[in-house]
Amino acid sequence: MTLSAHNLEVVYEDVMLVLKGASINVPKNGIVTLLGANGAGKTTLLRAISGLLGVHRGKITRGHISVDDVKLDTDQAPAVVRAGVSQVMEGRRIFIEFTVEENLLVGAHTTPRAAIDSKLDYVYEMFPALKGRKKQHAGYLSGGEQQMLAIGRALMAEPKYLILDEPSLGLAPQIVSQIRDLIVQLKESGLGILLVEQNAAMALSIADHGYVMENGKIVMDAPAKALREDEDIQEFYLGLGESAGSLRDVKHYSRRKRWLS
Amino acid sequence: MNDLIHSLIFGIAQGSIYALIALSFVVIFRATGVLNFAQPALMILGAFATSVFAIDLGLNYFIALVLAMIVIALLSMGIERVAIRPMVGQSTFSAALITVGLFIALYVISTRLFDSKPRTVNDPWGVSALCLGGNLKEEWGFVSCEGGLIIYWHSIGKIVLATIVIAALFIWLARSKYGLAMRATSMDQETALAQGINVGGMFSTSWAISGAIVALAGGLFAANGSVIQSTDALFALVALPALVLGGLDSLKGAVIGGLAIGILMNLTKTYQTAIAPWLGLNFENVVPYIVMIIVLLIRPYGLFGTKEVQRV
Ligand SMILES: Nc1ncnc2c1ncn2[C@@H]1O[C@H](COP(=O)(O)OP(=O)(O)OP(=O)(O)O)[C@@H](O)[C@H]1O
Ligand SMILES: [Mg+2]
């Protein structure tokens, strides 16, 4: 039971090859994190899974996505959601002119009518802050609350797999730790989670498995524990090495070869 | 006093049609970001379709109207699928240019197909009217109401039907699942997709709705006791000032803008010859465009539009 990308190649605008044969596996009931520098292609991989490449003039030119061994029709974003894969996009992307509840109802677009009320209760129970403000415009929520709303909206579709693109971006530390706990809680409720994070310390602290993407390729694929202990990861992603700081990116680049070989 | 009330009612009736046309522009604009200049041609085709169903096939006017709305809705949906969808991602300017081409093509088709004989829509109202507190006289196909207030039945019909359809549209958008999906799509297509909304289907739906609304406008416009011709499509151009006044992306703005322009034109028609005769005859036809220019100068996004939209 996995959500898998098989040897995926993605091209933007028919010329820009951005993913160069990336494969990942997200088991049900597990947290998998995908790390990588800016521009590595993480969001592109997530778009490919969710069928959102078309909006960005991108195309899968090789490979495919499967959910529980069934090939996914990634030309049709609605088919992906119906197959049980929901994504919380980078930047939260809530509908600020809608009320909190309307946002959740949009998330329930593919959910059978009879199940919507119990789903709403479930989300409000998980995020009491949203419950008290369901009739308010979502634009008035704080950044943390908006992230909760974006996650709640994705949960309304009753996903089996949840994809999170940088959920901690721009949030205060105690909100980040709330989100971290929430992700663990969701995993324990049986969801498979694919977590893309700049905050690698947070991601690796809860993940079961991790991938590192460089320049459109997966260059490391190991249990999270092994990644946490890896010297390079400590140096480049966890900021623990002796050269943390401005030299990081340069070094990052020079060390890449070692991972590839 | 009677003059004033008469102008207001006539203005609201005419404004209801402008409101419908402006609304048909906004529905498409919000969903696909395209200003569809083919709408006036679709309006006149709606009027002709009503005429074909009502006169050639002898159906009841109201049934003919509904059938015309369906036909034009399908046509509009087809136009989106064939001519506009492939332009997704291209500039909105090129899409707008395509619609100008479509207008010309549809206009030519409508003159070829329908202008060969005088057409009416067999509406139940004709020129019959209520005459409150006066003497109703009918001569040579004209009615007059000496010393009283005249209210044409077709004015009432236009106002009632437009109100019903506009209210239905607003309730559907506000309350229904697909109305919500449609609004979500107009705000952020990618996010709508990520929620499992069939965004292409929403494009089709919005063009269909727009086609139905503009066909209704055509069928109602034609119900005034005289014959219709293809050149009457120009009537729909007055919806542009209404659109600019209300704001390109505001449904509420389209309705209010349409009504305001209709009322303003009729008040001008009634009073301008007495107050400012030096402005000449038919000055009321110029008024909408003066309003449009003023709005564009001082508040380019209109009364209810979003600021960012003004660059379009
Ligand atoms: N629509 C697009 N058209 C062309 N190139 C694109 C497009 N979107 C992304 N790219 C390019 O693809 C590469 C990967 O981008 P992507 O957003 O997937 O990276 P990322 O790993 O998510 O980065 P970040 O950490 O900054 O979010 C980048 O070089 C980017 O410039
Ligand atoms: Mg990204």
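Throughout, a residue's number is its position along its own chain's written sequence, starting from 1. For this description, chains carry letters from A and ligands carry numbers from 1, given in the order in which they are written. Given that the model is predicted, a residue must reach a pLDDT of at least 70 before its local features are reported, and side-chain atom pairs must reach 80 or more before they are shown or counted; all residues, however, enter totals for whole chains, interfaces and linings. Here the side-chain values reflect all heavy atoms present in the structure, with hydrogen atoms and water set aside.

> When you look at the pattern of salt bridges in this model, what are you seeing that I'm missing?
Side chains that differ in charge, positive against negative, can pair when their charged atoms come close. Salt bridge, as applied in this entry: a Lys or Arg side-chain nitrogen positioned within 4 Å of an Asp or Glu carboxyl oxygen. Under the criterion given, the structure shown has 14 salt bridges over all chains. Between A:Glu13 and A:Arg57 there is a salt bridge, with its nearest N and O atoms 3.7 Å apart. Placement of A:Glu13 in the loop between β1 (2-12) and β2 (16-27) and of A:Arg57 in the loop between α1 (42-50) and β4 (58-67) is noted, with a sequence separation of 44 residues between them. B:Asp56 is the partner of B:Lys117 in a salt bridge, and the nearest nitrogen-oxygen pair spans 3.9 Å. Of the two residues, B:Lys117 is situated in the loop between α4 (92-114) and β1 (129-132) and B:Asp56 in helix α2 (residues 39-56); the sequence distance between them amounts to 61 residues. Each of the salt bridges in this network shares a partner with another, and the network as a whole consists of A:Arg93, B:Asp188 and B:Glu190. Under the DSSP-based scheme used, a helix requires at least four consecutive residues in state H or I and a strand at least two consecutive residues in state E, with every element numbered from the N terminus.

> In this structure, what is going on with the nonpolar core? I would like to understand it.
Generally speaking, a soluble globular protein has its nonpolar side chains buried in company with each other. By size, the foremost hydrophobic cluster in this structure holds 92 residues, and its most contacted members are B:Leu20, B:Ile21, B:Met43, B:Ile197, B:Leu220 and B:Ile261. Residue contributions to this core peak at 14 residues, all from helix α8 (residues 199-221) of chain B. The criterion used for residue contact is that any of the two residues' heavy atoms lie within 4.5 Å. What B:Ile261 contacts, discounting residues up to four positions off in sequence, is B:Tyr18, B:Val238, B:Pro241, B:Ala242, B:Leu245, B:Pro288 and B:Val291. Side-chain atoms within 4.5 Å link the members of a nonpolar core, which is a set of buried Ala, Val, Leu, Ile, Met, Phe, Trp, Tyr and Cys residues. To sort residues, take the accessible area from a 1.4 Å probe on protein chains only and compare it with the maximum for the residue type: under 20% means buried, over 50% means exposed, and anything in between is partly exposed. Residues A:Leu149, A:Ala207, A:Ala222 and A:Ala224 belong to the second largest nonpolar core, which totals 50 residues.

> What am I meant to see in the packing of aromatic side chains here?
Both the distance between ring centres and the angle between the ring planes are used here to describe each pair of aromatic rings. Residues and elements named next belong to chain B. Ring pairs are drawn from Phe, Tyr and Trp, using the six-membered ring of Trp, whenever the two centres fall within 6.5 Å, and their geometry is named by plane angle: stacked under 30 degrees, edge-to-face over 60, tilted for the rest. A full pass over the atoms with the stated rule returns nine aromatic pairs over all chains. On the numbers, 4.8 Å between centres and 20 degrees between planes, the contact of Phe48 with Phe114 is stacked. You can see Phe48 sitting in helix α2 and its partner Phe114 sitting in helix α4, a full 66 residues away along the chain. A centroid spacing of 5.9 Å and a plane angle of 75 degrees characterise the contact between Phe62 and Trp125, whose relative ring orientation is edge-to-face. Of this pair, Phe62 sits in helix α3 (residues 61-84) while Trp125 sits in the loop between α4 and β1; the two residues are 63 residues apart in sequence, bridging distant segments of the chain. For Phe62, a relative accessible area of 36% corresponds to the partly exposed category. Residue Trp125 is classed as buried on the basis of its relative accessible area of 12%. Joined through ring pairs, the aromatic side chains of Tyr18, Phe221 and Phe235 make up one cluster.

> I would appreciate a short explanation of the coordination of the magnesium ion (ligand 2) in the present structure.
In a perfect tetrahedron of four donors around a metal, the angles come out at 109.5 degrees. In a perfect octahedron of six, they are 90 or 180 degrees. Listed donors are limited to N, O and S atoms within 2.8 Å of the metal, widened to 3.2 Å for Na, K and Ca; water is not among them, so incomplete-looking sites are possible. Distances from the magnesium ion (ligand 2) to its protein donors, A:Thr43 (OG1) and A:Glu90 (OE), fall at 1.9 to 2.6 Å. With A:Thr43 in helix α1 and A:Glu90 in the loop between β6 (85-88) and α3 (100-107), this residue pair connects regions lying 47 residues apart in the sequence.

> Could you clarify how one ought to interpret the site of ligand 1 in this entry?
Residues and elements named next belong to chain A. One heavy atom suffices: a residue is near a molecule or strand as soon as one of its heavy atoms comes within 4 Å of it. In the neighbourhood of ligand 1, 16 residues make up the surrounding shell, with Asn38, Gly39, Lys42, Thr43 and Thr44 lying closest. Between a nitrogen atom of ligand 1 and a side-chain N or O atom of Arg47, the distance comes to 3.4 Å. Contact with the protein chains covers 70% of the free accessible surface of ligand 1, which is 640 Å². Of all the secondary-structure elements, those providing two or more residues to the shell around ligand 1 are β2 and α1. Broken down by element, the residue count for the shell around ligand 1 peaks at four residues, all from α1. For the shell around ligand 1, the per-class residue count stands at five nonpolar, seven polar and four charged. Between N or O atoms, a polar contact is any pair within 3.5 Å; within protein, one atom must be a potential hydrogen donor and the other a potential acceptor, and residues adjacent in sequence are included only when both atoms are from side chains. Here the Shrake-Rupley method, with its probe set to 1.4 Å, supplies the accessible areas, and only the displayed protein chains count as covering residues. Following the grouping adopted for this structure description, the nonpolar residues are Ala, Val, Leu, Ile, Met, Phe, Trp, Tyr, Cys and Pro, the charged ones are Asp, Glu, Lys and Arg, and the polar ones are all others, Gly among them.

> Explain the sheet that holds β6(A) to me, please; I cannot follow it from the model alone.
Strands pair in a sheet through their backbones, by hydrogen bonds, and they do so in one of two ways: parallel or antiparallel. All names here are of chain A. Reading across the sheet, the six strands line up as β6-β7-β8-β3-β9-β10 and stay open at both edges, with mixed pairing between neighbours. The open sheet has two edge strands with one neighbour each: β6 and β10 (217-223). Averaged over all adjacent pairs, the angle separating strand axes in this sheet is 15 degrees, with direction ignored. Sheet topology note: the β6/strand β7 (residues 161-165) ladder contains four bridges and is parallel. Looking across to β7, one finds that Ser86 is bridged to Leu162. By this definition, two strands are paired if DSSP reports at least two bridges between them. Simply put, an axis is a line fit to the C-alpha atoms, just over the touching stretch for a helix, and the angle between two N-to-C directions goes from 0 to 180 degrees.

> I keep staring at the domain arrangement of chain A and nothing clicks. Help me out?
Many analyses report the size of an interface as the accessible area lost when the parts associate. Residue and element names in this part refer to chain A. Where each domain starts and ends comes from a domain assignment, either automatic or drawn from a database. Its domain assignment divides chain A into domain 1 (2-84 + 160-260) and domain 2 (94-158). With centres defined by C-alpha atoms, the gap from domain 1 to domain 2 works out at 25 Å. Tallying the contact residues gives 15 residues for domain 1 and 13 residues for domain 2. Linking domain 1 with domain 2 are zero salt bridges.

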